[in-house]
Amino acid sequence: MAVVMSMRWAGVTPEQYEAARTVVHWEDRTPDGGIIHASWFEDDGLHVVDVWDSEAAFEHFSMKRLMPVVRRLGVLGEPQVTFSPLHRRFVAPGVSGAA
């Protein structure tokens with residue numbers, strides 16, 4: 001069952017996010033089970049909403065690809081992550097790629 005993954009990671013900066021994105025290559029080597037990724041920053045740090053095929057698919061990506069890189073980059077703390085079952089997904093016609 002597809003899930004919505006919501007993440008808040010206090011203290012993560014845009015520079016750290018971009019460094020991780022460059023090394024992890026989640027946009028050009030899409031992780032198995034990854035469907036949609038959206039991220040933004042607020043005063044308290046990084047916020048992410050993803051859609052994944054399953055919670056297990058995200059956990060595998062996080063353990064094997066994401067967390068080893070963010071630790072090497074010196075990112076501190078742990079993200080707060082929650083999962084919810086996806087009810088419906090809509091992507092407007094013609095929308096693709098990065099913003």
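Given the structure is predicted, the values throughout are model-derived calculations rather than measurements.

**Remarks on the packing of helix α1 (residues 14–24) against helix α2 (residues 55–72)**
Two numbers describe a pair of packed helices, the interaxial angle and the distance between the axes.
Moving on, step 1. Where α1 meets α2, the axes come as close as 10 Å, and the angle between the chain directions of the two elements is 130°. With respect to their mutual orientation, α1 and α2 come out oblique. Considering only the axes of α1 and α2, their crossing is right-handed. Only F61, R65, L66, V69, V70 and R72 of α2 make contact with α1, whose side of the interface consists of A20, V23 and V24.
Moving on, step 2. When its residues are assigned to classes, the contact of α1 with α2 shows 7 nonpolar, no polar and 2 charged.

**A short note on α2**
Moving on, step 1. Its 18 residues give α2 an end-to-end C-alpha distance of 24 Å, which sits within 8% of 26 Å, the value for a rise of 1.5 Å per residue.
Moving on, step 2. Along its length, α2 reaches its greatest deviation from straightness, about 45°, at S62.
Moving on, step 3. Of the residues making up α2, those classed as buried are A57, F58, F61, S62, L66, M67, V69 and V70.
Moving on, step 4. If you follow the buried residues of α2, they end up packed against β1 (3–10), α1, β3 (45–52) and β4 (80–85).
Moving on, step 5. Backbone geometry just downstream of α2 places G74 in the positive-phi region, at approximately 85°.

**A few points about the nonpolar core**
Moving on, step 1. In this structure, W9, W26, W52, F61 and V70 are the most contacted members of the largest nonpolar core, which totals 20 residues.
Moving on, step 2. Looking at this core, the elements with two or more residues in it are β1, α1, β3 and α2.
Moving on, step 3. For this core, the element with the highest residue contribution is α2, accounting for 7 residues.
Moving on, step 4. If we ignore the near neighbours within four places in the chain, the residues touching W26 are Y17, A20, R21, P31, H37, F61, R65 and L66.

**What to know about the packing of aromatic side chains**
Moving on, step 1. Evaluation of the coordinates by the stated rule reveals 5 aromatic pairs.
Moving on, step 2. Geometrically, the ring pair formed by Y17 and F41 is edge-to-face, given 5.9 Å between the ring centres and 85° between the ring planes. Of this pair, Y17 sits in helix α1 while F41 is found in strand β2 (residues 34–42), placing the two residues 24 residues apart along the sequence.
Moving on, step 3. Residue Y17 is classed as buried on the basis of its relative accessible area of 9%.
Moving on, step 4. Among the aromatic side chains, those forming a connected cluster through ring pairs are W52, F58, F61 and F83.

**Digging into α1**
Moving on, step 1. Three or more residues of α1 are buried, namely Y17, A20 and V24. Buried residues along α1 cover an arc of 65° about the axis, so they all sit on one side. The outward face of α1, more than 90 degrees from its buried face, is lined by the exposed residues E15 and T22.
Moving on, step 2. In this structure, the buried residues of α1 make contact with β2, β3 and α2.
Moving on, step 3. Phi for H25, located one or two positions after α1, is positive at around 60°.

Rules of the game
Residues numbered from 1 in each chain as written. Predicted model: local features only at pLDDT ≥ 70, side-chain atom pairs only at ≥ 80, totals over all residues. Heavy atoms only, no water. Axes fitted to C-alpha atoms, helices over the stretch in contact; angles between N-to-C directions. Helix = DSSP H or I, 4+ residues; strand = E, 2+ residues; numbered from the N terminus. Parallel < 35°, antiparallel > 145°, perpendicular 65-115°, else oblique. Left-handed = near helix turned anticlockwise from the far one by under 90°. Contact = heavy atoms within 4.5 Å. Nonpolar A, V, L, I, M, F, W, Y, C, P; charged D, E, K, R; others polar. Expected span 1.5 Å × (residues − 1). Bend = angle between axes of the 7 residues up to and from the residue. Buried < 20%, exposed > 50% of the residue type's maximum accessible area, 1.4 Å probe, protein only. Core = buried A, V, L, I, M, F, W, Y, C linked by side-chain atoms within 4.5 Å. Phe/Tyr/Trp six-rings, centres within 6.5 Å; stacked < 30°, edge-to-face > 60°. Arc of directions from axis to C-beta.

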